[in-house]
Amino acid sequence: MVDKLKLKAIEIGNLIVENETEIMWDHILEAFDFDVILEENQRLIRSQYFHDEDYVDNVINVVDTALRIDKKEAGEMIEYIFNNYTTVDKTQIEEVINDINQWEDYSIKSKTTDENINSLIANINDSINKGEPVFALDRLHTLMNNYVKGLCLRHDINFEDKDKLDSIFKQYVKFITKYIDSQMTITILKSSISLFSQFNQVRNNYSFAHDNDILNDAESKLIFKQIVNIKEFIDTIENEINC
């Protein structure tokens, strides 16, 4: 399967390097909340300063990583770089940004301090960006197990390690309903408990977790989107609780 995102990162990276006036990578990555990328690509600044041959490779890696973490934020950063630190003309900039904006993006948006969680998210998004959603289902199940257990620990919600994902999520839903305004939202969250129950079955019977008949891409994508939508909603509520 062709990694179209990687090909786009190569195109953008080469375009930046061929036309740049001198980019302040450390300040820009920090401004767009991608400073973690700089920590993982420390050769970037040095190779830029010494005009090393691998500078273009480092730029491509930074662009590629940013697009996989958060396509929208990465697109804004790339547009900012083009407009302020390159001689690329406006028409070409618009073409590049339009290409980015047209991609269907249902990857997981998350930046945490937990490296295990970040690694899982990176692997999941990599499968999604390669157009292989079925490969992501098993890892998404692992991610959601860790995620929901972490929420329960944060709020002192009791559960057993042997409990399945849907059972743990049920306890969390009981807790979070007091922070929800509408009955419809509560109903959606409660109905999601059965969704997680069936997600257990999909993971065990239709993913690469075991020697299974693999689920088709269309259904894999649908399931993936539904689970991620729940996670992103909970992220929003948790941020409000912590404020």
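Per chain, the residues get numbers from 1 upward, laid out in the order the sequence is written. With the structure being a predicted model, the display of local features is reserved for residues of pLDDT at least 70 and the display and counting of side-chain atom pairs for 80 or more, all residues being used for whole-chain, interface and lining totals. Side-chain metrics rest on all non-hydrogen atoms present in the structure, leaving aside hydrogens and water.

Caption draft 1: The environment of F82, seen in detail. Helix and strand assignments come from DSSP, with helices taken as H or I runs of at least 4 residues and strands as E runs of at least 2, each series counted from the N terminus. Positionally, F82 belongs in helix α6 (residues 71-85). Buried, partly exposed and exposed residues are distinguished by accessible area as a fraction of the type maximum, computed with a 1.4 Å probe on protein chains only: under 20%, between the cut-offs, and over 50%, respectively. For F82, a relative accessible area of 1% corresponds to the buried category. C-alpha separation for the pair F82 and K231, spaced 149 residues apart in sequence, amounts to 33 Å. Once residues lying within four places of it in the same chain are set aside, the contact partners of F82 are I12, L15, I16, V88, I93 and V96. Residue contacts are defined here by distance: any two heavy atoms, one from each residue, within 4.5 Å place the two residues in contact.

Caption draft 2: Broad picture of a nonpolar patch on the surface. By definition, no residue in a patch forms a salt bridge, and every one has over 30% relative accessible area; like charges are joined within 9 Å, nonpolar side chains (Val, Leu, Ile, Met, Phe, Trp, Tyr) within 5 Å. Accessible surface is estimated by sampling points in the Shrake-Rupley manner with a 1.4 Å probe; for residues, cover comes only from the protein chains shown. By definition, a salt bridge exists where a carboxyl oxygen of Asp or Glu is found within 4 Å of a side-chain nitrogen of Lys or Arg. On the surface, F135, F208 and I214 cluster together into a nonpolar patch covering about 260 Å² of accessible area. In this structure, F208 sits in the loop between α11 (183-206) and α12 (217-242). A relative accessible area of 45% means that F208 is categorised as partly exposed.

Caption draft 3: Here's a closer look at the pattern of salt bridges. Tallying each qualifying case throughout the model produces ten salt bridges. Where D138 meets R203, a salt bridge forms, and the shortest distance between an N and an O atom there is 2.9 Å. With a gap of 65 residues between them, D138 in helix α9 (residues 133-154) and R203 in helix α11 connect regions that are remote in the sequence. For R203, a relative accessible area of 22% puts it in the partly exposed group.

Caption draft 4: Expanded view of the environment of L215. Tracing the backbone shows L215 in the loop between α11 and α12. Looking at L215, the relative accessible area reads 11%, which means it is buried. For the pair formed by L215 and V134, sequence separation is 81 residues and the distance between their alpha carbons is 6.5 Å. Residue contacts for L215: discarding those within four places in its chain leaves V134, L137, V202, Y206, S220 and I223.

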